[in-house]
Amino acid sequence: MAEYHINLPLTDEQVKKFKIGDILYVSGDVFTARDEAHHTMLTEKVPFNPSSMALYHCGPLMKKTKDSWEVVSAGPTTSSRMEIFEDRFLEKFNVKLIIGKGGMGKNTQKALQKYISIYASYTGGAGALAADKVEKFIDVFWLDKLGMPEAVWLFKVKEYGPLVVAMDAHGNSIYDSIGKK
Amino acid sequence: MLFVLLDVSIWGKIDIMSKYDVTDGIVNLIRKAETELPKDVVESLKKAYKLETGVAKTQIKAILDNIDLAKKSKRPMCQDTGIQTFFVEVGINFPEINNLKKVITDGVKKATKEIPIRPNTMNPLTGENHKDNTGNHVPYITWDFTEGSDVKIIAFPKGGGSENMSKLGMLKPGVGIEGVKDFVVEEMIKAGGQPCPPTVVGVGIGGGADLSLKLGKKALLRPVGVRNKDKDIAKIEEDLIKKINASGVGPMGLGGKTTVLDVHVEIAHRHPASLPVGIAVQCWADRRAKMVIHKDWSWEVE
């Protein structure tokens, strides 16, 4: 179990180094996407470059300020709901890091290996703590169409963690061995 | 005559003022629930922290740090501020029962902007967000009636991740109580990290399909660590806690000793042909807050 403090974007070489059980603290740009956002990004023109960012399964609680947005609470949402999209999502956007909670299934596990990417778990429900690691709000897309939880929010995060590498780029998943006692 | 009119107008004024205030009371109630966990839950998480090691310990530490931060900064501990759910016990001598639903609904709308809480109500057909946490049947209020003139309200904001792990089993009566236990244990292992363990699990045994689920949900209102008064049911609870925690699912499903903080069981008599088991799951953020409204609309939030 190693601990890494890393900057985004990640290279394939870096991604391959991470093993399940490793702890990560990441700095850089992330975008949020849950069910509706996955569907929208797979079917519509995407106005930003997802491949340089981490994909965050999150529907944040945001507060409108005079000319921007403030993050109030922003922990991860249950990742398994995105299982039906994630292999196609990885193929299209070449995202190197997925952040979520609760784990994902076999299709994602295979896709992580094929497209060299990892899935890392952040503590579910720790929304206030996560919001404190957001350095700034960058942009938001599809807010009117999808509403606050489902919109795609772009954040700059600093030392965001501890993330636990739960599925690596070598076909291993921490969830495979758990609950089988 | 003059005296009587004066009297009426004063009461009228107080009435309007205090109903306005009680909307703020509902906002306070929701704020309390969203930003501060009940002591029983925090104590039980602290015990889990002592018990766990490695990755499991990092998860409980993040949870405890988050609880502290949310309380200090008066921010919702989780971005999923839930579906606004209330259990209301109305004293039948409360003079304005007809206004209670509006007061709660107005409070939810105000809380959405003021705290704030995430707009969480979507039209199931169009996906459109109602933007104020209200809508058809929401806030979801369960009404009970009792003696007296006080109204007791429990706010129980319910997150989606844990709600998605709810289960209904229409078991064959022949499987008996051991079959019931196996069903609960298997479902909680299957749920893995998805409901944000360590969870609190409510199990309703008996009744019909809807009643078993309702009993499961209501069982979640009982504080963590408090056993059912019936000794036989308490034993079933203890057995379920032991079995689910022995699975090793652990905090956030990443492995560990604490998968549930508690299991609460409630029962109802059943039809001879049916053995319904309703499972309601609450994430570690077992958010609950209480409020009392008196007959003059004065109120307290506990």
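Reading guide: rules and limits
- Residues numbered from 1 in each chain as written.
- Chains lettered and ligands numbered in written order.
- Predicted model: local features only at pLDDT ≥ 70, side-chain atom pairs only at ≥ 80, totals over all residues.
- Helix = DSSP H or I, 4+ residues; strand = E, 2+ residues; numbered from the N terminus.
- Buried ≥ 20, exposed ≤ 12 C-beta atoms within 10 Å, placed from the backbone.
- Contact = placed C-beta atoms within 7 Å.
- Rg over C-alpha atoms; globule rule 2.2 N^0.38 Å.
- pLDDT = per-residue confidence, 0-100.
- Core = buried A, V, L, I, M, F, W, Y, C linked by C-beta atoms within 7 Å.
- Pairing = 2+ DSSP bridges.
- Domains from an automatic or database assignment.
- Axes fitted to C-alpha atoms, helices over the stretch in contact; angles between N-to-C directions.

**Notes on the overall build of chain B**
At step 1: Along the backbone of chain B there are eight helices and nine strands.
At step 2: Along the three orthogonal principal directions, the C-alpha set of chain B runs to about 75 × 50 × 45 Å.
At step 3: Considering chain B as a whole, with its 302 residues, one finds that 44% of them fall into the buried category.
At step 4: Considering only intrachain contacts with a sequence separation of at least 6, the fraction spanning at least 24 residues in chain B is 78%.

**Some details on the overall build of chain A**
At step 1: Assigned secondary structure in chain A consists of six helices and nine strands.
At step 2: Its C-alpha atoms give chain A a radius of gyration of 15 Å, near enough to 16 Å, the size a compact globule of 181 residues would have.
At step 3: The principal-axis extent of the C-alpha atoms belonging to chain A is close to 50 × 35 × 35 Å.
At step 4: By the burial criterion, 51% of the 181 residues in chain A qualify as buried.
At step 5: Sequence-distant contacts, at least 24 apart, represent 64% of the contacts inside chain A between residues at least 6 apart.

**Here we look at the confidence of the model for chain B**
All names here are of chain B.
At step 1: Confidence along chain B averages 94 in pLDDT terms, with 93% of residues attaining 70 or more.
At step 2: Long-range and interchain partners of residues 1–17, a stretch whose pLDDT sits below 50, account for zero contacts in this model, where long-range means more than four residues apart.
At step 3: The ipTM value of the predicted complex is 0.94, and its pTM value is 0.93.

**Focus on the nonpolar core**
At step 1: Within the largest apolar cluster, 106 residues are counted, with the highest numbers of intra-cluster contacts made by Leu97, Ile118, Ala120 and Ala166 of chain A together with Val203 of chain B.
At step 2: Ranked by residue count, the leading element in this core is strand S9 (residues 152–167) of chain A, at ten residues.
At step 3: One finds Leu29, Ala33, Ile104 and Ala289 of chain B within the second-largest nonpolar core, a separate group that totals 22 residues.

**With respect to helix H6 (residues 143–150) of chain A**
At step 1: If you check which residues of H6 of chain A are buried, you get Leu146, Gly147, Met148, Pro149 and Glu150 of chain A.
At step 2: Buried positions along H6 of chain A lie against helix H2 (35–43) and strand S4 (61–64) of chain A.

**Brief notes about the pairing of S4 of chain A**
Residue and element names in this part refer to chain A.
At step 1: With four bridges joining them, S4 and strand S5 (residues 69–73) adopt antiparallel strand pairing. Looking across to S5, one finds that Met62 is bridged to Val71.
At step 2: Between S4 and S5, which pair antiparallel and follow one another directly, the connecting turn spans four residues.

**Structural notes on the domain arrangement of chain B**
At step 1: If you check the domain split of chain B, you get domain 1 (2–35 + 77–157 + 287–301) and domain 2 (160–282).
At step 2: One C-alpha centre belongs to domain 1 of chain B, the other to domain 2 of chain B, and the line joining them spans 30 Å.

**Thoughts on the sheet that holds strand S5 (residues 199–206) of chain B**
All names here are of chain B.
At step 1: Taken together, four strands build an open sheet; the order of strands is S4-S7-S5-S6 and the sheet is mixed. Looking at the sheet topology across the chains shown, the edges are occupied by strand S4 (167–171) and strand S6 (260–268). Between one strand axis and the next, the sheet turns through 15° on average, direction left out of account.

**Details of the environment of Leu69 of chain B**
At step 1: By the secondary structure assignment, Leu69 of chain B is in helix H3 (residues 54–73).
At step 2: Judged by C-beta crowding, with 18 C-beta atoms within 10 Å, Leu69 of chain B ranks as partly exposed.
At step 3: Excluding its chain neighbours within four sequence positions, the residues that come into contact with Leu69 of chain B are Ala128, Leu129 and Asp132 of chain A.

**Focus: the sheet that holds strand S2 (residues 140–146) of chain B**
Residue and element names in this part refer to chain B.
At step 1: Overall, mixed pairing links the five strands, which are arranged S2-S1-S3-S8-S9 in an open sheet. Of all strands in the sheet, those bounded by a partner on one side alone are S2 and strand S9 (299–301). Adjacent strand axes in the sheet meet at a mean angle of 15°, parallel and antiparallel pairs treated alike.

**What about unusual backbone geometry?**
At step 1: For the bond running from Leu8 of chain A to Pro9 of chain A, omega is 0°, close enough to zero to count as cis.
At step 2: Relative to the helices and strands, Pro9 of chain A is located in the loop between strand S1 (3–7) and helix H1 (12–17).
At step 3: Cis rather than trans, the peptide bond between Pro197 of chain B and Pro198 of chain B has omega equal to 5°.
At step 4: We note that Lys74 of chain B has phi near 50°; this positive angle belongs to a residue other than glycine.
At step 5: Judged by local crowding, Lys74 of chain B falls into the partly exposed class, with 13 C-beta atoms found within 10 Å.
At step 6: Even without a glycine there, the phi angle at Lys131 of chain B is positive, about 70°.
At step 7: With respect to the secondary-structure elements, Lys131 of chain B resides in the loop between helix H4 (100–114) and S2.
At step 8: With 16 C-beta atoms packed within 10 Å, Lys131 of chain B lands in the partly exposed category.

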